[in-house]
Amino acid sequence: MDIDVTLTDNSENARRRYEEAARLGIDAAANVLVREVKKAFGSDYYKGGAFRGTLGVRGSITRTNAERGPSGWSAQVGTRFIEALYWELGHFNTFTRQHERVRIWEPTAIAQEPAMRAAFARVAKRVMDAP
C-alpha cells in the first residue's frame, strides 16, 4: 500500500502575515495613545485651560506610521509644540514665580498600557487568523 504525502512550506506566508500583524498592531496601539492624550488635554489642563496653546497642542498630537527598526516595530506619538515639553518636564514660570509641572504624556501612556496591548492583540489576531 503506497501513501502519498505532500508537504508545503508556508513559512514565507507566515512571516509576511506576522510582519503585517506587528505593523498594524503597533498602529492600533499608537492610535489608542493619541486618542487618550488628546482627551487628557481637557479644559482643566494648564491651570483651568488658561494656557492659550492648549487647543493647539491637542490638535497637533499625532503619531508616526509604524516602522521596523533593529529592535522591532515602533511608532512615535508627539506634538510639534515645545510648550507641551516645558509643562511635562517642568519649568520656572516667570508670571507665578514658581516651578510648575503638569504631567500628561507619561501618566497617560502608563494608564493606557492595557488598552494599547489589547488593541495590538485584537488587530494582530485578526491578521494572523485571516485566510
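Use the structure listed above.
Predicted model, so just to flag it, every value in this text is computed and none were measured. (Residues numbered from 1 in each chain as written. Predicted model: local features only at pLDDT ≥ 70, side-chain atom pairs only at ≥ 80, totals over all residues. Heavy atoms only, no water.)

Q: Any details on the environment of Gly-42? Residues and values, ideally.
A: The topology assignment puts Gly-42 in the loop between helix H1 (11–40) and helix H2 (45–49). As a C-alpha pair, Gly-42 and Arg-58 span 16 residues in sequence and 8.6 Å in three-dimensional space. (Helix = DSSP H or I, 4+ residues; strand = E, 2+ residues; numbered from the N terminus.)

Q: Tell me about the pattern of salt bridges, residues and numbers included.
A: As enumerated under the stated definition, the model contains ten salt bridges in all. With its nearest N and O atoms 3.0 Å apart, the salt bridge here joins Arg-63 to Asp-27. Taken together, the residues Arg-63 in strand S1 (residues 62–63) and Asp-27 in helix H1 connect sequence positions 36 residues apart. According to the relative accessible area criterion, Arg-63 is partly exposed, its value standing at 25%. Across the salt bridge formed by Lys-125 and Asp-129, the nearest N and O atoms sit 2.4 Å from each other. Of this pair, Lys-125 and Asp-129 both sit in helix H6 (residues 113–129), four residues apart, which is roughly one turn of that helix. For the pair Lys-125 and Asp-129, one class covers both residues: exposed. Each of Glu-20, Arg-23, Asp-27 and Arg-63 takes part in salt bridges that share partners, so that together they form one network. (Salt bridge = Lys/Arg side-chain N within 4 Å of Asp/Glu carboxyl O. Buried < 20%, exposed > 50% of the residue type's maximum accessible area, 1.4 Å probe, protein only.)

From the geometry alone we can't say anything about function, so treat these as descriptive.
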